[in-house]
Amino acid sequence: MPGEDILGGWKPTLVLENAGSVARDHLASERTFLAYVRTSLTIASTGVALVQLFTISAATNNKALERYSRPIGAIIIFIGLATLVLGIVRYFTIQTALMGGNFPVARVSTIMLGVIMSAVIVAVLASLSAYDDVPKENGV
């Protein structure tokens, strides 16, 4: 086929013999990929919501928070995109490993994602607690 030369022998569909737990393992891998997609969308949505929250807060009573809103929101959206890329890479890594009869355990990526999200949560809480919500009168 002419399309196989362009793709280097890679086929978009894969048909495996359903012996033992082959179908169950691949379906579990697909569910895990969908969980990565859902998680990445949630993280990115949180970044957008945080920017909106800080912007509304700045408009009402605390203008100092507004300068942190876009950088923190952009970082959170980037983490959401990185989570999606991680899910895609992990899906194809597991699919290849399952065809060879193996299963790679995700240790480093899970720990890194947890540490990064914890750091972002601490940064958001620190930026929120760094400023008083009560406007000061007469510079006092």
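Our subject is the structure that appears above.
Attention in this report is confined to the structure presented alongside it. Model, not experiment: these values are computed from the prediction.

1. Thoughts on a nonpolar patch on the surface
A surface patch of nonpolar side chains, about 280 Å² in accessible area, is lined by Val108, Met112 and Ile116. Considering the arrangement of structural elements, one finds Ile116 in helix H4 (residues 108-129).

2. What to know about the nonpolar core
As a rule of thumb, nonpolar side chains are buried together in soluble globular proteins. Of all hydrophobic cores here, the largest spans eight residues; its members are Ile43, Leu50, Phe54, Ile72, Ile76, Ile79, Val120 and Val124. Breaking this core down by element, the ones donating at least two residues are helix H2 (22-60), helix H3 (66-99) and H4. If near-sequence neighbours (up to four positions away) are discounted, Ile79 is found in contact with Ile43, Leu113, Ile116, Met117 and Val120.

3. Remarks on the packing of aromatic side chains
Following the criterion strictly, the structure yields two aromatic pairs and no others. Taken together, a centroid distance of 5.1 Å and an interplanar angle of 75 degrees make the contact between Tyr91 and Phe92 edge-to-face. Classification of Phe92 by relative accessible area gives partly exposed; the value is 41%.

4. Comments concerning the side chain of Ser69
Inspection of the secondary structure puts Ser69 in helix H3. The residues contacting Ser69, other than those within four sequence positions of it, are Val51, Phe54 and Thr55.

5. Structural notes on the packing of H2 against H3
Where H2 contacts H3, the two axes come as close as 8 Å, and the packing angle between them is 175 degrees. In terms of axis orientation, H2 runs roughly antiparallel to H3. In terms of residue class, the contact of H2 with H3 is built from 22 nonpolar, 13 polar and five charged.

What counts as what
Residues numbered from 1 in each chain as written. Predicted model: local features only at pLDDT ≥ 70, side-chain atom pairs only at ≥ 80, totals over all residues. Heavy atoms only, no water. Patch = residues over 30% accessible without salt bridge, like charges linked within 9 Å, V, L, I, M, F, W, Y side chains within 5 Å. Areas by Shrake-Rupley, 256 points an atom, 1.4 Å probe, with all protein chains shown as cover. Salt bridge = Lys/Arg side-chain N within 4 Å of Asp/Glu carboxyl O. Helix = DSSP H or I, 4+ residues; strand = E, 2+ residues; numbered from the N terminus. Core = buried A, V, L, I, M, F, W, Y, C linked by side-chain atoms within 4.5 Å. Buried < 20%, exposed > 50% of the residue type's maximum accessible area, 1.4 Å probe, protein only. Contact = heavy atoms within 4.5 Å. Phe/Tyr/Trp six-rings, centres within 6.5 Å; stacked < 30°, edge-to-face > 60°. Axes fitted to C-alpha atoms, helices over the stretch in contact; angles between N-to-C directions. Parallel < 35°, antiparallel > 145°, perpendicular 65-115°, else oblique. Nonpolar A, V, L, I, M, F, W, Y, C, P; charged D, E, K, R; others polar.

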